[in-house]
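Chain residues, written in single-letter form:
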Amino acid sequence: MLAVLRRRDFTLIWLGGLISEIGDWLLLIALPVYVYMLTSSTLTMATVFILELVPAVAFGSLAGVLVDRWDRRVTMVTVAVAQGLLLLPLLAVQHSDQLWIVYLIAPVQALLAQLFEPARSAALPALVPDGELVAANGLMGLGANVARLVGSSLGGLAVASGGLTTVVIGDTVTYLLAALIIAIARLPARGAGHASGAERPTLFRAWYEGMVFMIGRRDVRNLLLSVAAGSIAQGMFLVLFVVFVSDVLHGDSTDVGVLRGVQAIGGIIGGFVVAWLGARVSHRSLIAGGALAIGLLSLAIWNSSSLTHAIAVYGFLFVLAGIPGIANSTGVFALLQQFVPHLYLGRVMAAFLTVFGGFQALGMLVAGLAGGLVDTVVLLDLQAGCYLVAAVLAYVGLRGTPGGGAGTSPGDARATPVGT
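Residues numbered from 1 in each chain as written. Predicted model: local features only at pLDDT ≥ 70, side-chain atom pairs only at ≥ 80, totals over all residues. Heavy atoms only, no water.

**Some words on the packing of aromatic side chains**
Thought 1: This structure, assessed with the given rule, holds 8 aromatic pairs.
Thought 2: Aromatic side chains F237 and W302 sit 6.2 Å apart centroid to centroid with 35° between the ring planes, which places their arrangement in the tilted category. With F237 in helix α9 (residues 218-248) and W302 in helix α11 (residues 283-303), this pair connects stretches of sequence that are 65 residues apart.
Thought 3: Residue classification places F237 among the buried positions, given a relative accessible area of 5%.
Thought 4: Since its relative accessible area comes to 1%, W302 is described here as buried. (Phe/Tyr/Trp six-rings, centres within 6.5 Å; stacked < 30°, edge-to-face > 60°. Helix = DSSP H or I, 4+ residues; strand = E, 2+ residues; numbered from the N terminus. Buried < 20%, exposed > 50% of the residue type's maximum accessible area, 1.4 Å probe, protein only.)

Encoded structure:
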């Protein structure tokens, strides 16, 4: 892990991304809370969440095309600056009849984030050797959970202390600082992602080529299926978690906040563990083993309600669940970064983020429709089952895949599809 951090340009990209993600979480928490304080309407608050989700599903694939077409470092810097400056119109929001400004800004911010994350992930193979990709992604996961803890806390504090003005000023500073740090980094040509003007296909052609590439790769197809199953589980969790704590454990809003917060602690621990493991564990083992552990821990959590309602017990279990979650996501990104050609990597990363958002929304819809008809614990057991399905899909589907424990060399994998 320390060896990765000694790489100057990786550390700059990692630190800039961490600060940018703090800004993302600050806004994600603060904006809906402020809207609710202004309107006392849960429907209006939910609208903000939905507006932030739509761009991920609708424009994720196009974002990947642009990431592969543009210089990735310039893309990250430009996006971070744009995110900071485009927050400024929110300073005009003082009354509920001005919420149309929020409805415009929220999806634009989410759309910009769809460019930043694929660009950062696609740049990673140019910054560290293949053997350090697992450690690098572990640190990325650690940073994401640190950002979640810090950004969420700052978001709530900013709204309580200074309203939306404090949120906007603080968030603008984080984005501009992230842009400055990333601008200092040097990104080798392997991670640039852009071709000369004469070689560039149209946007539609580039999108089509990316889809053909992903459909033609057995490993990418199977990994997409595994991620889709896990995303359904995550979407169901987001809806049913509050119901479980409130109705099954008879907890209050403080208990809901505590249990959601401690998951990030597990993620931080998991980031250290995965970074330490490095190349000792195959990508396939991280992906399948992580999903399997999440599924089994989820079953233990949901069914422990017949034994105890002690929040401390569930806090411990949720911390544990955060560790395999990082292992799973790290394995996914490391596998793609090592064996997908860099000219396609932005499109592939964006496609995975699109699948995650879309199937997460599907899980939310399933949980919402079934919530009043089926027992909560039964639904949550089904949610855990989706993680077990994700584990099986990864374990079987990635058998023989380079990086999955057997197969061809990395050079061979970059040159040709693994299989159909």
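Having seen it, we continue.
**Examining the packing of helix α6 (residues 100-127) against helix α7 (residues 133-184)**
For any two helices packed against each other, one specifies the crossing angle of their axes together with the interaxial distance.
Thought 1: It is the contact of α6 with α7, at a shortest axis distance of 11 Å, that shows an interaxial angle of 155°. In terms of orientation, α6 lies roughly antiparallel with respect to α7. Where α6 crosses over α7, the two elements pack in a sense that is right-handed. Contacts between α6 and α7 involve Q109, F116, R120, L124 and P125 on the former and, on the latter, L133, A136, N137, M140, Y175 and I182.
Thought 2: When the residues that make up the contact of α6 with α7 are grouped by side-chain class, the tally is 8 nonpolar, 2 polar and 1 charged. (Axes fitted to C-alpha atoms, helices over the stretch in contact; angles between N-to-C directions. Parallel < 35°, antiparallel > 145°, perpendicular 65-115°, else oblique. Left-handed = near helix turned anticlockwise from the far one by under 90°. Contact = heavy atoms within 4.5 Å. Nonpolar A, V, L, I, M, F, W, Y, C, P; charged D, E, K, R; others polar.)

**Some remarks on the pattern of salt bridges**
Thought 1: Under the counting rule described, the total for this entry stands at 8 salt bridges.
Thought 2: Residues R7 and E132 are paired through a salt bridge, measuring 2.8 Å at the closest nitrogen-oxygen approach. Residue R7 is located in the loop between α1 (2-5) and α2 (8-39), and its partner E132 is located in the loop between α6 and α7; the two are separated by 125 residues in the primary sequence.
Thought 3: Ionic pairing is found between D219 and R217, a salt bridge with its closest N-O pair at 2.7 Å.
Thought 4: Overlapping salt bridges bring together R8, D9 and R186 as one network. (Salt bridge = Lys/Arg side-chain N within 4 Å of Asp/Glu carboxyl O.)

**What about the environment of V146?**
Thought 1: With respect to the secondary-structure elements, V146 resides in helix α7.
Thought 2: A residue is classified by how much of its surface remains accessible, and V146, at 24% relative accessible area, is partly exposed.
Thought 3: Distance from V146 to G267, taken between C-alpha atoms, is 8.4 Å for residues 121 residues apart in sequence.
Thought 4: If we ignore the near neighbours within four places in the chain, the residues touching V146 are L18 and I268.

Any functional reading would require information that these geometric values do not contain.
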